[in-house]
Amino acid sequence: MMLPSDVHNIEDAIKIVKERNLSHIKIGLFDIDGILRGKYISQKKFLSALENGLGFCDVVVGWDCNDQIYDNAKITGWHTAYPDAPVRIIPESCRSIPLEDNTLLFLCEFLPPFDEVCPRGIFKRVLHKANQLGFKVYGALEYEFFLFNETPESVREKNYQNLVPITPGYFGYSGLRSSVWSDLYHEILNFFEQMNIPIEGLHTETGPGVLEAALYVDEGTHIVDKAALFKTFMKVLAQKNQMMACFMAKWSANWPGQSGHIHLSLIKDEQAAFYDKNKPDTLSDTMKHFVAGQQKLMPEVLAMIAPTLNSYRRLIPGFWAPTHATWGIENRTCALRVIKGSPKSQRVEYRIAAADANPYLAVAAALGSGLYGIEHKMDLVPKIEGNSYTQDHPSHYQLPPTLWDATQKFKKSTAARNLFGDQFVDHFAISREWEVREFNKSITDWELNRYFEII
């Protein structure tokens, strides 16, 4: 029987669907917030769409994560009457969905002109730049997420207060907890193995009910497809078990935030582009330029890395999330951690990224800024030694403290417009400004507790 991993083109996709005699197939695409929007379609419609494409309501690029329509978007809106946007099915994205018998999932992506605001399209734009420069891109993401003994109904009934994590207290790298919860661990590992999203490492992190999953390294679009699908289906698997998985950057002021660290390396002419045994610390000139570009542009592209208001609750000193664009070797207090090793393993870890980021956009920003450094042969400043949190740093390396500030810097960035295009920069900035304005309409529990009686 044909496996999903055997599907590489339209002919293969047709063959596997007919071989499984599927009445319906699931398709989906990721929106600007990294949310999978999709549906089941009949076999007849699917086979036609493989050859001819299909339409997907363009509202999915014109509304927020709460399905509320942006009031300031240009590419779509009430002024366009929300027509269907052209999309294509990606044959090589084929996957079986565990717990859904032999149902298949195929990812889609927007076609022109909507590719200019499509997260996968933005990543492919940056990937194309890497290929033009002669590089193959390898990478992987690692995600921290909290698991709760809650349901979508119970968290709303509790107004998101007094939630119950699956385990209490601090207990990072716990051999005890992973053994007690071995059934769940093995279910997670097997589930994602079946989805062709293999997990390299899975362990408890610091905090109640928090796990960290490190995905296996892969190449090109597989890096981001797997990361986006992992986030989605980890939530699915949790809810199938009467739990909830939370990928907020910081769900509680009492516990550390949740990272979504990005590991990247480049290959050129079948050789590791980041490794040079004859250079200090084995950092090649290419790697120095790459890290310099990441450091230089981090404040300008932070909105793509930290895309929610909650993202900035995590960026505080002492909680493993730097507030300045710093770099060091094997230094986890820095925003960029160079990991020395063999030609195969030497890489840079973009530690500022959190679990709430859209992986397509976050990796596009991390990769694009590094390529910008290579193109412009940027010089790398001296590395940080020791605790970066307690040291003074140049003001131009300070990261924007809020989503609004990050968005304004992003809008003005010539480098961002060069890397991602004017259409995307303007549309993404509009979406982030909307997010801030939506928050500003709200009355928070903090305000009620502080002012209700006293003021």
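Everything that follows concerns the structure shown earlier in this document.
None of these values were measured; they are calculated from a predicted model.

Participant: What's the story with the overall build of the protein chain in this structure? I'm lost.
Facilitator: For the protein chain, the helix and strand inventory stands at 14 helices and 16 strands. Taken over the C-alpha trace, the protein chain has a radius of gyration of 22 Å; the compact-globule value for 455 residues is 23 Å, and the two agree within 12%. Its C-alpha atoms give the protein chain principal-axis dimensions of about 65 × 60 × 55 Å. Burial status across the protein chain gives 57% buried among its 455 residues. Partitioning the contacts of the protein chain with sequence separation of at least 6, the portion at a separation of at least 24 is 70%. When the accessible surface of the protein chain is summed, it comes to about 20,300 Å², and 51% of that surface belongs to carbon and sulfur atoms. Charged side chains in the protein chain number 47 positive and 54 negative. The centres of these two groups are separated by 3 Å.

Participant: Teacher, can you tell me more about the packing of helix α3 (residues 119-132) against helix α10 (residues 359-375) here?
Facilitator: For any two helices packed against each other, the geometry is given by the interaxial angle and the distance between the axes. Here α3 crosses α10 at 25°, and the two axes come no closer than 9 Å. Comparing the axis directions of α3 and α10 gives the class roughly parallel. Of the two possible hands of crossing, α3 and α10 adopt the one that is left-handed. Residue-level inspection shows Pro119, Arg120, Ile122, Phe123, Val126, Lys129 and Ala130 of α3 in contact with α10, the latter providing Tyr360, Leu361, Val363, Ala364, Leu367, Gly368, Leu371 and Glu375. Of the residues assigned to the contact of α3 with α10, the class counts are eleven nonpolar, one polar and three charged.

Participant: Please explain the pattern of salt bridges as it appears in this structure.
Facilitator: In a structure, side chains of opposite charge can pair up when their charged atoms sit close to one another. Evaluation of the coordinates by the stated rule reveals 23 salt bridges. One salt-bridge network, in which partners are shared between bridges, spans Arg88, Glu109, Arg120, Lys124 and Asp225.

Participant: Is there a simple way to think about the layout of surface pockets in this case?
Facilitator: Any space left empty among the atoms is revealed by the rolling of a water-sized probe across them. Put simply, the second largest pocket is a space of about 980 Å³. Lining the second largest pocket are 41 residues, and of these Glu142, His263, Arg337, Arg347 and Glu349 sit closest to its centre. The element contributing the most residues to the lining of the second largest pocket is strand β7 (residues 135-148), with seven residues. Of the residues contributing to the lining of the second largest pocket, the split by class is 17 nonpolar, twelve polar and twelve charged.

Participant: In this structure, what is going on with the packing of aromatic side chains? I would like to understand it.
Facilitator: Remark: the centre distance and the inter-plane angle together describe each pair of aromatic rings, the angle taken between the planes. Scanning the entire structure with this criterion turns up 22 aromatic pairs. Summarising the aromatic geometry, the rings of Phe192 and Phe230 are spaced 4.7 Å apart at their centres and angled 45° between planes, so their arrangement reads as tilted. Here Phe192 is found in helix α6 (residues 182-194), whereas its partner Phe230 is found in helix α7 (residues 221-240), with 38 residues between them in sequence. Per residue, the accessibility class of Phe192 equals that of Phe230, and both read buried. Seen in terms of ring centroids, Phe420 and Phe424 are 6.2 Å apart; in terms of plane orientation they differ by 70°. Their pairing is edge-to-face.

Participant: Which parts of the structure should I look at to understand the environment of Asn254?
Facilitator: Here Asn254 shows up in the loop between β11 (244-246) and β12 (260-268). Along the backbone, Asn254 and Gly207 are 47 residues apart, and their C-alpha atoms lie at a distance of 9.1 Å.

Participant: Looking at this structure, I do not really get a nonpolar patch on the surface. What am I missing?
Facilitator: On the surface, a nonpolar cluster with roughly 530 Å² of combined accessible area is contributed by Trp446, Tyr451, Ile454 and Ile455. Tracing the backbone shows Tyr451 in helix α14 (residues 445-451). What makes Tyr451 partly exposed here is its relative accessible area of 37%.

Participant: What is the right way to read the side chain of Asp12 from this model?
Facilitator: By the secondary structure assignment, Asp12 is in helix α1 (residues 10-20). Of the side chains with opposite charge, Lys15 comes closest to the buried, unpaired Asp12, at an N-O distance of 6.4 Å. If sequence neighbours within four positions are ignored, Asp12 has contacts with Met2, Asp6 and Val7.

Participant: Which parts of the structure should I look at to understand the pairing of strand β6 (residues 104-110)?
Facilitator: Strand residues, when the strand is regular, have side chains that alternate between the two faces of the sheet. Taking burial as the measure, the seven residues of β6 include seven buried ones, the bulk of the element. Sheet analysis places strand β1 (residues 24-30) next to β6, joined by three bridges and oriented parallel. Across the sheet, Ile27 pairs through a bridge with Phe106, a residue of β6. Relative to β6, strand β4 (residues 84-89) runs antiparallel, the two sharing three bridges. Counted as the bridge partner of Ile89 is Cys108 from β6.

Participant: Help me understand the side chain of Asn331, please; the structure alone is not making it clear to me.
Facilitator: Its location among the elements puts Asn331 in the loop between β14 (327-329) and β15 (336-339). With relative accessibility at 8%, the residue Asn331 sits in the buried group. There is a polar contact of 3.5 Å between the side chain of Asn331 and the backbone oxygen of Ile384. A distance of 2.8 Å separates the side chain of Asn331 from the backbone oxygen of Gly386, its partner in a polar contact.

Rules of the game
Residues numbered from 1 in each chain as written. Predicted model: local features only at pLDDT ≥ 70, side-chain atom pairs only at ≥ 80, totals over all residues. Heavy atoms only, no water. Helix = DSSP H or I, 4+ residues; strand = E, 2+ residues; numbered from the N terminus. Rg over C-alpha atoms; globule rule 2.2 N^0.38 Å. Buried < 20%, exposed > 50% of the residue type's maximum accessible area, 1.4 Å probe, protein only. Contact = heavy atoms within 4.5 Å. Areas by Shrake-Rupley, 256 points an atom, 1.4 Å probe, with all protein chains shown as cover. Lys, Arg positive; Asp, Glu negative; His and termini not counted. Charge placed at Lys NZ, Arg CZ, Asp CG, Glu CD. Axes fitted to C-alpha atoms, helices over the stretch in contact; angles between N-to-C directions. Parallel < 35°, antiparallel > 145°, perpendicular 65-115°, else oblique. Left-handed = near helix turned anticlockwise from the far one by under 90°. Nonpolar A, V, L, I, M, F, W, Y, C, P; charged D, E, K, R; others polar. Salt bridge = Lys/Arg side-chain N within 4 Å of Asp/Glu carboxyl O. 1 Å grid on protein atoms, 1.4 Å probe; cavity = no way out; pocket = protein on both sides within 12 Å on 5 of 7 lines; lining within 4 Å. Points joined across faces, edges and corners; volume = space filled by probe spheres on them. Phe/Tyr/Trp six-rings, centres within 6.5 Å; stacked < 30°, edge-to-face > 60°. Patch = residues over 30% accessible without salt bridge, like charges linked within 9 Å, V, L, I, M, F, W, Y side chains within 5 Å. Pairing = 2+ DSSP bridges. Polar contact = N/O pair within 3.5 Å; in protein donor to acceptor, adjacent residues only side chain to side chain.

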